[in-house]
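Each chain is listed here by its residues.
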Amino acid sequence: MRNYGHTHKALVIGAALAFALSGTALCPTTALAVTQETEAQLTETQKKLEDSAAAYDKATENVAKLQAQIDENNVLIAELEAKLPEQQRKASQVMRDMYKYEKASNPFMSFILNSQSFDEFFTQMAYMNQIKDSNTSALEELNETQKQLEQTKVELEQAKAQADTEAKAASDALAEAQKLREAAQKKADEEAASELAALQQASSELAGGTEESSSVVLPDTSGVNWNTDEASFVAEWSARIDAYLAGSPLEGYGATFAAAAWKYGVDPRWSPAISNTESSKGAYCFREHNAWGWGAIDFSSWEEAIDAHVRGLARGYGYTISVQAAKKYCPPNWYHWYNNTLSEMQKI
């Protein structure tokens, strides 16, 4: 933790004095809210979260790929099993016919007597042998194919079981990274709140208690449940975000916001709410597909823009809205920006 001491006290009084003399909203130009230790922890946990999310995505893709292969293999087995009875019937019939000829009193003479010539005799014998060999070969081929497919089925199911285990481990690692990131952000928010409270108290004291200090409500993130899987998270928040964005240019992009929030570990309400503060949910954009006043940047699509904005929030502003983030995002009017955006987040 930083040693605030006399230096910090002087900064607090100086900022508070400036507030008291100016009569304007308290908005110090230097952010004193978060220690370097906490900033480093935020950066580290954010990287861990993104790495864990990438590993989880890769693991779930592998599971889906193996399941598709298993399904395809099962279809082939079903088709083969449908062909086997008929092929077995044909092979059995030929074998019975051949057996009858062999058990006849003199099958060789019967063939000769029933043939018009030796050529016809040899043709009939060759034909019967060909039929026998053909059906027997086909049956053996089907049986061999069945064995191979059954072996493939066993191997795929074993690989799927291993992939499921790896996906579960990746999911657990992601959940742990999300908790660490959330804890780091909570610590940063507490530091920011403590710093702001000190400035407000100092300003009130210098003003003789006659000035009302600015009040800031901290965001409530208890409604965001990270102890779930990605599909459930996206399903819940995409519906809520879509309802909030209804009738705006961003309508229908709830799943994109929710997926990006999951991917980068950000409060899913934050980016949609900022879009309202900055552009009335994309209705008045100064740059193409840029609903957040996100630098002088044009985007080719809402999907690209949403992912870039949520990623930028995660890496540069934190897990959710905070006083420090507001001062960084909108320095000239951070107080109103903070309150307006938080108010919109509470509607989602």
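Residues numbered from 1 in each chain as written. Predicted model: local features only at pLDDT ≥ 70, side-chain atom pairs only at ≥ 80, totals over all residues. Heavy atoms only, no water.

Draft legend 1. A look at the packing of helix α7 (residues 270-279) against helix α10 (residues 334-345). Interaxial distance between α7 and α10 falls to 8 Å at its minimum, and their mutual angle equals 125°. With respect to each other, α7 and α10 are oriented oblique. Read as a crossing pair, α7 and α10 show a hand that is right-handed. Along its contact with α7, which presents Trp 270, Ala 273, Ile 274, Asn 276, Thr 277 and Glu 278, the element α10 presents Trp 337, Asn 340, Thr 341, Glu 344 and Met 345. For the contact of α7 with α10, the residue count by class is 5 nonpolar, 4 polar and 2 charged. (Axes fitted to C-alpha atoms, helices over the stretch in contact; angles between N-to-C directions. Helix = DSSP H or I, 4+ residues; strand = E, 2+ residues; numbered from the N terminus. Parallel < 35°, antiparallel > 145°, perpendicular 65-115°, else oblique. Left-handed = near helix turned anticlockwise from the far one by under 90°. Contact = heavy atoms within 4.5 Å. Nonpolar A, V, L, I, M, F, W, Y, C, P; charged D, E, K, R; others polar.)

Draft legend 2. Highlighting the packing of aromatic side chains. Counted by the stated rule, this structure contains 12 aromatic pairs. Its end group placed over the ring of Trp 237, Arg 240 keeps NZ or CZ at 3.9 Å from the ring centre. Its guanidinium or amino end placed over the ring of Tyr 244, Lys 281 lies 3.9 Å from that ring's centre, counting from NZ or CZ. (Phe/Tyr/Trp six-rings, centres within 6.5 Å; stacked < 30°, edge-to-face > 60°. Lys NZ or Arg CZ within 6 Å of the ring centre and 35° of its normal.)

Draft legend 3. Structural view of the nonpolar core. Of all hydrophobic cores here, the largest spans 56 residues; its most connected members are Trp 270, Trp 292, Tyr 329 and Trp 337. Among the elements of the structure, α2 (36-103), α4 (118-206), α5 (230-245), α6 (254-264), α7, α8 (302-316), α9 (323-329) and α10 are those that each provide at least two residues to this core. Broken down by element, this core gets its largest block of residues, 7 residues, from α8. Other than its neighbours up to four places away in sequence, Trp 270 contacts Leu 313, Tyr 317, Gly 318, Tyr 319, Thr 320, Ile 321, Ala 325, Trp 337, Thr 341 and Met 345. (Core = buried A, V, L, I, M, F, W, Y, C linked by side-chain atoms within 4.5 Å. Buried < 20%, exposed > 50% of the residue type's maximum accessible area, 1.4 Å probe, protein only.)

Draft legend 4. View of the packing of α6 against α8. Put simply, α6 and α8 touch, their axes get as near as 9 Å, and they point 35° apart. For the element pair α6 and α8, the recorded crossing hand is right-handed. In this structure, α6 contributes Thr 256, Phe 257, Ala 260, Ala 261, Lys 263 and Tyr 264 to the contact, and α8 contributes Glu 303, Ile 306, Asp 307, Val 310, Arg 311 and Ala 314. Grouping the constituent residues of the contact of α6 with α8 by class yields 7 nonpolar, 1 polar and 4 charged.

Draft legend 5. Inspection of α8 at higher detail. Here α8 is 15 residues long and its end C-alpha atoms lie 21 Å apart, about the 21 Å a rise of 1.5 Å per residue gives. Listing the buried residues of α8 in full gives Trp 302, Ala 305, Ile 306, Ala 308, His 309, Val 310, Gly 312, Leu 313 and Ala 314. Once α8 finishes, Gly 318 follows within two positions and takes phi at roughly 110°, a positive value. (Expected span 1.5 Å × (residues − 1).)

Draft legend 6. Seen up close, the pattern of salt bridges. Overall, the coordinates contain 10 salt bridges when judged by the stated rule. Measuring nitrogen to oxygen at the nearest pair gives 3.0 Å for the salt bridge that ties Arg 240 to Glu 236. With a gap of 4 residues between them, Arg 240 and Glu 236 both fall in helix α5, about one helical turn apart. In this structure Glu 236 comes out as partly exposed when scored by relative accessible area, which is 35%. Put simply, Asp 267 and Arg 269 hold a salt bridge, and the shortest N to O gap is 2.8 Å. One salt-bridge network, held together by shared partners, links Lys 263, Asp 307 and Arg 311. (Salt bridge = Lys/Arg side-chain N within 4 Å of Asp/Glu carboxyl O.)

Draft legend 7. Representation of unusual backbone geometry within the structure. At Lys 281, a residue that is not glycine, the phi angle is positive and equals roughly 60°. Note on placement: Lys 281 falls in the loop between α7 and α8. For Lys 281, a relative accessible area of 16% corresponds to the buried category. Phi is positive for His 289, close to 50°, though the residue is something other than glycine. For His 289, the position within the fold is in the loop between α7 and α8.

Draft legend 8. Fine view of the environment of Ala 260. Mapped onto the elements, Ala 260 comes out in helix α6. By relative accessible area, which is 3% here, Ala 260 ends up buried. Placed 47 residues apart in sequence, Ala 260 and Asp 307 show a C-alpha to C-alpha distance of 5.6 Å. Sequence-distant contacts of Ala 260, defined by excluding residues within four places in its chain, comprise Asp 307 and Val 310.

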